[in-house]
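# Observations on the three-dimensional arrangement
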Amino acid sequence: MQNPKQTKYDQAYLRMASEWAKLSYCDRKKVGAIIVKDSMIISDGYNGTPSGYKNCCENSEGDTEWFVLHAEANAILKVAKSTQSAKNATLYITLSPCKQCSKLIIQSGIVRVVYRNEYKDISGVNFLKDYGIEVLHLKED
């Protein structure tokens, strides 16, 4: 059973990640991410195209373009460009991480992942758990 105070903070950070998701230009799926370390938000991100590129995430068939960055990748890359480190941080994300992003999460030093909705393929979540990352699925409060 999780500490009620921690659950309250987890829910609050997930609500913030949901707000960041609304900034996405993607039509099919809007995803937001927040990285928190020592009770401070050190990064944020949402899914979308690389900075300066056209803000069109889907092709004419409605499929996501290959060049779209996932929210957690954007948040991790933002930390990499800063003076901060994601080592021992928590990632809050509105959709569970995919396989590719789970590798980035591990490599960045994030030790805890809290997500709201589950992606159809949960192999990324399973990989994180196998590696020893604490993963928590928190539904709407």
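Report follows, based on the coordinates. Predicted model only: the values in this text are computed from it and were never measured.

## Some details on the state of the cysteines
- One pass over the structure, following the stated rule, counts 1 disulfide.
- Sulfur of Cys56: no disulfide; nearest cysteine sulfur belongs to Cys57 and is 7.0 Å away.
- Left without a disulfide partner, Cys98 is nearest to the cysteine sulfur of Cys101, which lies 3.8 Å away.

## Considering the pattern of salt bridges
- Across all of its chains, the model carries 4 salt bridges by this definition.
- Ionic pairing is found between Asp10 and Arg112, a salt bridge with its closest N-O pair at 2.6 Å. Here Asp10 is found in helix H1 (residues 4–21), whereas its partner Arg112 is found in strand S4 (residues 112–117), with 102 residues between them in sequence.
- By relative accessible area, Asp10 is classed as buried at 0%.
- On the basis of relative accessible area, Arg112 is assigned to the buried category, the value being 8%.
- Among the ionic pairs, Glu134 bridges to Arg112, the shortest N-O distance being 3.1 Å. In this pair, Glu134 is assigned in strand S5 (residues 134–137) and Arg112 in strand S4, connecting sequence segments 22 residues apart.
- The class for Glu134 is partly exposed, based on a relative accessible area of 42%.

Rules of the game
Residues numbered from 1 in each chain as written. Predicted model: local features only at pLDDT ≥ 70, side-chain atom pairs only at ≥ 80, totals over all residues. Heavy atoms only, no water. Disulfide = S-S within 2.5 Å. Salt bridge = Lys/Arg side-chain N within 4 Å of Asp/Glu carboxyl O. Helix = DSSP H or I, 4+ residues; strand = E, 2+ residues; numbered from the N terminus. Buried < 20%, exposed > 50% of the residue type's maximum accessible area, 1.4 Å probe, protein only.

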